[in-house]
Amino acid sequence: METAYIKTPLGIARIIGDENGISVISVTDEGKISNTIPAVLQEAVLQLHEYFEGKRTDFDFKLNPKGTEFQQKVWKALIAIPYGKTRTYLEQSKILGDVKAIRAVASANGKNPLWIVVPCHRVIGTDGSLTGYAGGLWRKKWLLEHENPTTQQSLF
């Protein structure tokens with residue numbers, strides 16, 4: 001596995017992957033920026049930069065997240081949420097076929113290893129509130145505003 005650290009408007013992104021795909025993208029407030037980017041990570045780095053520059057709305061590099069079968073199913077449903085749109089946890093549960101699985105869906109969202117690319121930030125509370133985001137609610141708000149600037153006034 002190769003690792004790279006890049007600067008983003010939301011902190012330092014850590015990208016981990018190999019020839020089978022990217023398995024982790026996470027964000028932190030500190031870390032050392034990589035001087036060189038391993039070849040297997042270069043496309044992911046390029047696409048993340050394009051996303052933050054407002055030039056990309058989806059990602060097409062190979063993903064290889066590790067998780068249970070249920071988590072994989074939830075993460076696949078997250079990828080289907082269009083750029084600039086949101087869904088509630090309840091809507092996600094319905095899409096996955098079990099309204100009662102709302103807590104399990106929320107838990108799987110929280111274990112999403114691919115920050116931004118698997119857009120768990122697009123899932124909100126039924127009342128429209130910004131709930132539960134591992135990277136911090138301020139990052140979730142920033143991402144939603146980045147993807148849909150007209151929502152700025154309605155968040156929080």
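Every residue gets a number counted from 1 within its own chain, in the order that chain's sequence is written. Where totals are concerned, whole chains, interfaces and linings use all residues; where local detail is concerned, this predicted model gives features only for residues with pLDDT of at least 70, and gives and counts side-chain atom pairs only at 80 or more. With hydrogens and water stripped out, all remaining heavy atoms of the structure feed into the side-chain values.

Colleague: What is the right way to read the overall build of the chain from this model?
Modeller: Secondary structure summary: the chain contains five helices and five strands in total. By the criteria applied, helices consist of DSSP H or I runs no shorter than four residues and strands consist of E runs no shorter than two, each listed in order from the N terminus. Reading the secondary structure of the chain in the N-to-C direction produces β-β-β-α-α-β-α-α-β-α. Radius of gyration: over C-alpha atoms. The globule rule applied is 2.2 Å multiplied by the number of residues raised to the 0.38 power. The globule rule puts the C-alpha radius of gyration for 156 residues at 15 Å, and the 15 Å found for the chain is close to it. Overall size of the chain, expressed as C-alpha extent along the three principal axes, is 45 × 35 × 25 Å. In the chain, buried positions account for 47% of the 156 residues. Put simply, of all contacts in the chain between residues at least 6 apart along the chain, 55% involve residues at least 24 apart. Summed over all atoms, the accessible surface of the chain reaches about 8,400 Å², with 52% contributed by carbon and sulfur. A 1.4 Å probe rolled over the protein chains alone gives each residue an accessible area, and that area as a share of the maximum for its type sets the label: buried under 20%, exposed over 50%, partly exposed in between. In this analysis, two residues are considered to be in contact whenever any of their non-hydrogen atoms come within 4.5 Å of each other. What sets the accessible areas is the Shrake-Rupley method with a 1.4 Å probe; for residues, cover comes only from the shown protein chains.

Colleague: I would appreciate a short explanation of the packing of helix H2 (residues 69-79) against helix H4 (residues 102-110) in the present structure.
Modeller: Between two packed helices, both the angle of their axes relative to each other and the distance between the axes serve to describe the pair. Convention adopted: a line fitted to C-alpha atoms gives each axis, helices being fitted over their contacting stretch, and angles between N-to-C directions are expressed from 0 to 180 degrees. Direction vectors running N to C along H2 and H4 enclose 80 degrees, while the axes themselves pass 9 Å from each other. With respect to H4, the element H2 is oriented roughly perpendicular. Here H2 contributes Phe70, Gln71, Val74, Trp75 and Leu78 to the contact with H4, which in turn contributes Ala104, Val105, Ala108 and Asn109. Nonpolar residues are Ala, Val, Leu, Ile, Met, Phe, Trp, Tyr, Cys and Pro. Charged residues are Asp, Glu, Lys and Arg, and all others, Gly as well, are polar. Residues that form the contact of H2 with H4 fall into these classes: seven nonpolar, two polar and no charged. Oblique is the label for every angle not falling under 35 degrees (roughly parallel), over 145 degrees (roughly antiparallel), or within 65 to 115 degrees (roughly perpendicular).

Colleague: It is not clear to me how the sheet that holds strand S2 (residues 11-18) should be interpreted in this structure. Could you clarify?
Modeller: For sheets, the rule is that strands pair by backbone hydrogen bonds, running either parallel or antiparallel. Taken in spatial order, the three strands of this open sheet run S1-S2-S3, and their pairing is antiparallel. What marks the edges here is a single partner per strand, and that holds for strand S1 (2-8) and strand S3 (21-28). Between one strand axis and the next, the sheet turns through 20 degrees on average, direction left out of account. Here S2 runs beside S3; their pairing, made up of seven bridges, is antiparallel. Paired with Ile15 across the two strands is Ile25, which belongs to S3. Sheet strands in contact with helix H1 (residues 42-52) are S1, S2 and S3, and its direction is about 15 degrees off that of S1. If DSSP finds at least two bridges between two strands, the strands pair.

Colleague: Can you help me understand H4 in this one?
Modeller: Side chains three or four residues apart in an α-helix point the same way, a direct result of the helix having 3.6 residues per turn. Considered for burial, the residues of H4 that qualify are Val105, Ala108 and Asn109. All buried residues of H4 lie within an arc of 105 degrees about the axis, which places them on one face of the element. Taken from the helix axis, the directions to the C-beta atoms give the arc we talk about.

Colleague: Explain the environment of Leu114 to me, please; I cannot follow it from the model alone.
Modeller: Inspection of the secondary structure assignment puts Leu114 in the loop between H4 and strand S5 (123-124). Residue Leu114 is classed as buried on the basis of its relative accessible area of 0%. Taking the C-alpha atoms as reference points, Leu114 and Ile16, 98 residues apart in sequence, are found 9.7 Å from one another. When neighbours within four sequence positions are excluded, Leu114 is seen to be in contact with Ile22, Ser23, Val24, Ile25, Leu63 and Pro65.

Colleague: For this particular structure, what's the right way to read unusual backbone geometry?
Modeller: A negative phi angle characterises most non-glycine residues, just as the trans form characterises most peptide bonds. Although it is not a glycine, Ile116 adopts a positive phi angle of roughly 70 degrees. Position of Ile116 among the secondary structure elements: in the loop between H4 and S5. With relative accessibility at 2%, the residue Ile116 sits in the buried group.

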